[in-house]
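# Examination of the molecular architecture
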Amino acid sequence: MVDNKQILLEQIKADIVNNNICPNLAKQATNLVMGDGNINADIVLIGEAPGKKEDETGLPFIGAAGKFLNEMLASAGMVRSDVYITNIVKYRPPENRDPKPEEKEAFWPYLVRQLDVIQPQIVVTLGRHSMEYFLPGFKISEIHGQPKRKTFGDTKIVVVPLYHPAAALYNGSMRATLIEDFNKLPKIIDILKNEKENTNYGSTKTR
Ligand code: URA
């Protein structure tokens with residue numbers, strides 16, 4: 001049986017294509033990289049945009065930064081299929097340049113819809129490009145690794161901003177900080193689950 005969430009996620013992908021989002025990126029991209037992993041995950045990780053390998057395969061984080069991400073997942077006791085991984089911008093920017101503000105803005109509503117479908121416990125932003133949309137006005141160097149509560153319309157989420165694995169890959173101290181922050185994620189999830197259980201005590205769970 002096809003999961004209802006899967007159908008809704010396919011619809012978001014179709015809408016990006018049908019609404020002709022970022023046509024200049026679309027026309028030079030091989031694939032639209034929507035996301036990968038467990039659509040019932042507690043954690044959604046959000047990077048900035050696909051690179052060359054991601055564009056070729058249609059899967060996020062499978063190059064050097066992705067390998068490092070896999071190592072961090074393992075050190076936190078997880079595998080890729082425990083989480084869902086996506087990017088704020090879903091097409092590869094040419095020459096791996098930074099995504100432009102208007103590109104991030106164009107994809108933002110589709111990212112919000114993905115999160116609405118998946119309903120994770122936490123959203124982990126990787127790098128400043130995805131962080132700035134969830135936590136505008138903050139500096140990543142000041143708040144990395146700290147869970148922040150946010151409300152979007154009626155939806156309450158917890159955002160944990162982390163450094164981007166590609167930025168930390170060859171920077172020893174940033175790398176150590178990112179690994180340390182990453183290892184906090186299981187504990188943050190446990191705390192949130194306990195909070196929810198206590199709040200739901202005596203009432204019917206809605207999820
Ligand atoms: N960097 C990202 O931000 N996303 C990817 O998918 C790969 C590298």
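Structure: see above.
Treat the numbers as computed from the prediction; the structure is a model and nothing was measured.

### Comments concerning the packing of aromatic side chains
Taken as a whole, this structure holds three aromatic pairs when the rule is applied. Taken together, a centroid distance of 5.8 Å and an interplanar angle of 65° make the contact between Y91 and F107 edge-to-face. Highlighted residues: Y91 in the loop between β3 (84-87) and α5 (101-118) and F107 in helix α5, separated in sequence by 16 residues. Of the aromatic side chains, those joined through ring pairs into one cluster are W108, Y133 and F134. The ring of F68 is capped by R175, whose NZ or CZ atom sits 4.3 Å from the centre of that ring.

### A look at helix α1 (residues 4-18)
Taking 1.5 Å per residue, 15 residues should reach 21 Å; α1 reaches 21 Å between its end C-alpha atoms and fits that length. The complete set of buried residues in α1 reads K5, L9, I12, D15 and I16. Down the axis, α1 shows its buried residues gathered within 115° of arc, on one side only. Turned more than 90 degrees off the buried face of α1, the exposed positions are N4 and N18. Where α1 is buried, its residues contact α5. Of the residues trailing α1, N20 is marked for its positive phi of about 55°.

Cut-offs and rules
Residues numbered from 1 in each chain as written. Predicted model: local features only at pLDDT ≥ 70, side-chain atom pairs only at ≥ 80, totals over all residues. Heavy atoms only, no water. Phe/Tyr/Trp six-rings, centres within 6.5 Å; stacked < 30°, edge-to-face > 60°. Helix = DSSP H or I, 4+ residues; strand = E, 2+ residues; numbered from the N terminus. Lys NZ or Arg CZ within 6 Å of the ring centre and 35° of its normal. Expected span 1.5 Å × (residues − 1). Buried < 20%, exposed > 50% of the residue type's maximum accessible area, 1.4 Å probe, protein only. Arc of directions from axis to C-beta. Contact = heavy atoms within 4.5 Å.

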